[in-house]
Amino acid sequence: RAPRRVLLLGEGNFSFAASLCGAAGTRVVATCYEGEEEVSGRERAVENIQRLRERGAEVVFSVDCTKLKDCFLPEKREFDCIYFNFPHCGRKAGVVRNRDLLARFFLSSADVLAEDGEVHVALCNGQGGTPADQPQREWHNSWQIVAVAARAGFILSDVHPFQAETIHGYKCTGYRSQDKSFCVVGALNHVFTRSTPLSPKPMACQIQLESHKVCFQVPQVLVDKMNRGFLELNSNHPVRTVKEKLTTELSQAFPLQETDCCLSPLHQGHLNEVCHSNLFWISLSPEETPSAEEMSHGLAKAVSFSPVDSCRGTDKTGWVAAQEGCCVSKLCYLRPSLLPCAQAIIQRGALLPGTLQVLSGPVFRKCLIAPYSMPVFHEMVLAWAVDRSTENSCIQMLASSIRTSIHSLHQAVSGCRGNISLWEAASSEMAEPSGFAAFESQLSKIQYFIRMEVDAFSSCVGVIRAAHGEAVSSELAVVFASLNLDLLTMLICGIADWRMLWTSDRRFSLQFPRGELRLFKSFSLYPPSYKHDVSFWVPEGEQFDEVAFHTIARQVSGETVVSIQLIDTFQHPEMGRKSLCYRLTFQSCDKALSSQEVAEMQLLFRKEIKQSLRVTLR
């Protein structure tokens, strides 16, 4: 392998570079801001420079850390690691000037760093402004290093003590631009890596609907989540591993048959009792191209359902169209549940009595922004035809088997048993359902909620219901269980944020070799958060659609809005108009997110809610 190229910036007396120079497989380029004559007057600097040169290191003077591209020829860039220990503007420069120095340094580093390279920045205790600093300074009085690095597309991937006493021959210098040492007790080394791009590109999707191929524009909020193939045979994704291990555990208690759920994600018709604002509606009408607003939000006009005599090819917008001669209704929706798929199997008479039928696949639901509320997740549905006289005991048996399987899986990963509990739907102790549980309650009556608690995290991960209307015969009834595989994976593997399951960053998938589940270690530490408020007048005589409001926030921010709070309401005493004020919190779990990017998102959000929800901004 080629030697690892390491760039050292801001060397005061080159003692750090001299200690690093002897490492095997490392080629050091040591630099400082000052000229050679000025540096030579510092204690032991000449000795260290000579040692570096004798060992084959390159020593460069008068290097500006904010203009690195100008200091190195194109073929000499691509450093694997850049070290900048205790950067400072000099003398009594305040936090604002030092933040600016760091911002320009990170932008400059991006020009000369290898794609998988690292940037190491050592700061004195408290300067970084992260929870790793003890004590932690107030945000405004720190260098805000994570937020500053985000402007150049970097995320903080590691932070550890800078142990000067373990570095042979190292002596810090430069206190107030003098040849004097300074206190490095409690100093921290911050390790930054490149982030993946923030904004996914729009996409169209071609699928099979009944006997025809159709193409539709994917709602912007889902463009990075369609056709990801997490459950396919060649996938190493932990969601698939959880699904496979659960299936294996359940097969020890039941005869089991899996159905490959490669069914169309588009459904037609109506779901009884389901609120239509929770569905992602898709228009397939070749005669009426949806507006840009409808395409971006997955909304559609309330047009009547009618057959189409013939369909033309996809137009320039990427919408519509199926093969000639097809009959496609104008409106479809992305499937919110696999329950109708299971019911279709029963209606075809394909459900064998006593055999546990397993279906799994992604489902799509518009929902409010909350920690465990996700617009798309992988669902596993279990259907079991049982003797009607033993229905209650069979429900208990299935529930107990699911609990045991989840217990076993969690203990194998973490070494401890999570608390898996069953709550009767009619129990007074059961809180008002929300997120996954709330939508499931719309589909049909629920007997039990399956709840999982791990440390401070707790969520409903599944439901169990009996469906008498889906009886295979007069003697048989069908018991259904629906499990949210994404939530289960999060709680089993210690993944705090559901968005991490959908990251395109390889550092996530590399933590889960094929068939293995492990506790997840985040590669983006202490991501910065930003708060913005928006207030507006609600249209008179109309009920405000909060789900649409949250969906627009998801879309314009690329899922970086993590919280929306209603902080104020006002009713005009004379006009009777109602005003709402919301606070949005932006934060990414896996990508660099800068304050400038968030400000642009906020402006776009204001524009979109004005157009889509017809509110009057204040």
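We now turn to the structure provided with this report. (Residues numbered from 1 in each chain as written. Predicted model: local features only at pLDDT ≥ 70, side-chain atom pairs only at ≥ 80, totals over all residues. Heavy atoms only, no water.)

## Brief notes about the sheet that holds strand β21 (residues 561-571)
Spatially, 4 strands are ordered β21-β22-β20-β23 in an open sheet, and the strand pairing comes out antiparallel. What marks the edges here is a single partner per strand, and that holds for β21 and β23 (616-617). The sheet contact formed by strand β20 (residues 530-537) and strand β22 (residues 578-586) spans 8 bridges and is antiparallel. Each bridged residue has a counterpart across the sheet, and for Phe 536 the counterpart in β22 is Leu 580. Its contacts with the sheet put helix α14 (residues 546-557) on β20, β21 and β22, and the angle it makes with β21 is roughly 135°. Together, β20, β22 and β23 form the strand contacts of helix α15 (residues 595-612), whose direction differs from that of β20 by roughly 15°. (Pairing = 2+ DSSP bridges. Helix = DSSP H or I, 4+ residues; strand = E, 2+ residues; numbered from the N terminus. Contact = heavy atoms within 4.5 Å. Axes fitted to C-alpha atoms, helices over the stretch in contact; angles between N-to-C directions.)

## Brief notes about the packing of aromatic side chains
Inspection of every chain in the model, using the stated rule, returns 27 aromatic pairs. Ring centres of Phe 508 and Phe 512 lie 5.2 Å apart, and the angle between their planes is 50°; on these two criteria the pair is classed as tilted. Look at Phe 508 and you get buried, because its relative accessible area is 2%. Each residue in the set Phe 16, Tyr 83, Phe 86, Phe 162, Tyr 170 and Phe 182 is aromatic and connected to the rest through ring pairs, giving one cluster. Sitting above the plane of the Phe 79 ring, Arg 5 keeps its charged end 4.3 Å from the centroid. (Phe/Tyr/Trp six-rings, centres within 6.5 Å; stacked < 30°, edge-to-face > 60°. Buried < 20%, exposed > 50% of the residue type's maximum accessible area, 1.4 Å probe, protein only. Lys NZ or Arg CZ within 6 Å of the ring centre and 35° of its normal.)

## Thoughts on α14
With 12 residues, α14 ought to run about 16 Å at 1.5 Å a step, and its terminal C-alpha atoms sit 17 Å apart, in line with that. Of all 12 residues in α14, 11 are buried, a share of seventy percent or more. Listing the buried residues of α14 in full gives Val 547, Ala 548, Phe 549, His 550, Thr 551, Ile 552, Ala 553, Arg 554, Gln 555, Val 556 and Ser 557. For α14, the capping residue at the N-terminal end is Asp 545, with a side-chain oxygen 3.3 Å from the backbone nitrogen of Val 547. (Expected span 1.5 Å × (residues − 1). Polar contact = N/O pair within 3.5 Å; in protein donor to acceptor, adjacent residues only side chain to side chain.)

## Points about the environment of Gln 587
Relative to the helices and strands, Gln 587 is located in the loop between β22 and α15. Setting aside anything within four residues of it in sequence, one finds Gln 587 in contact with Arg 499, Pro 527, Pro 528, Ser 529, Thr 560, Val 562 and Leu 593. From its side chain, Gln 587 meets the backbone oxygen of Pro 527 in a polar contact 2.8 Å long.

## Some points on the pattern of salt bridges
Two side chains bearing opposite charge may form a pair once their charged atoms approach each other closely. Counting across every chain of the model gives 16 salt bridges. For Arg 554, the salt bridge goes to Glu 559, with nearest N and O atoms at 3.1 Å. Judged on exposure class, the residue Arg 554 and its partner Glu 559 are both buried. The salt bridge involving Asp 590 is made with Lys 591; its shortest N-O contact spans 3.0 Å. The same class applies to Asp 590 and to Lys 591, which are both buried. When salt bridges with common partners are traced through the structure, they connect Arg 240, Lys 243, Glu 244 and Glu 258 into a single cluster. (Salt bridge = Lys/Arg side-chain N within 4 Å of Asp/Glu carboxyl O.)

## A look at the sheet that holds strand β15 (residues 376-387)
The strand order across the open sheet built from 7 strands is β10-β14-β15-β19-β18-β17-β16, with neighbouring strands paired in mixed fashion. Every interior strand has two partners, whereas the edge strands, β10 (256-259) and β16 (419-424), have only one. Averaged over all adjacent pairs, the angle separating strand axes in this sheet is 25°, with direction ignored. Where β15 meets strand β19 (residues 476-484), 9 bridges bridge the pair, whose relative direction is antiparallel.

## So, unusual backbone geometry
Along the chain, Gln 134 connects to Pro 135 via a cis peptide bond; the corresponding omega equals -5°. Tracing the sequence through the fold places Pro 135 in the loop between β5 (113-123) and α6 (145-150). Positioned with a positive phi, Phe 86 is a non-glycine residue whose angle comes to about 55°. Looking at the element boundaries, Phe 86 is found in the loop between β4 (79-85) and α5 (95-112).

Treat this as a map of the structure, not an account of what it does.
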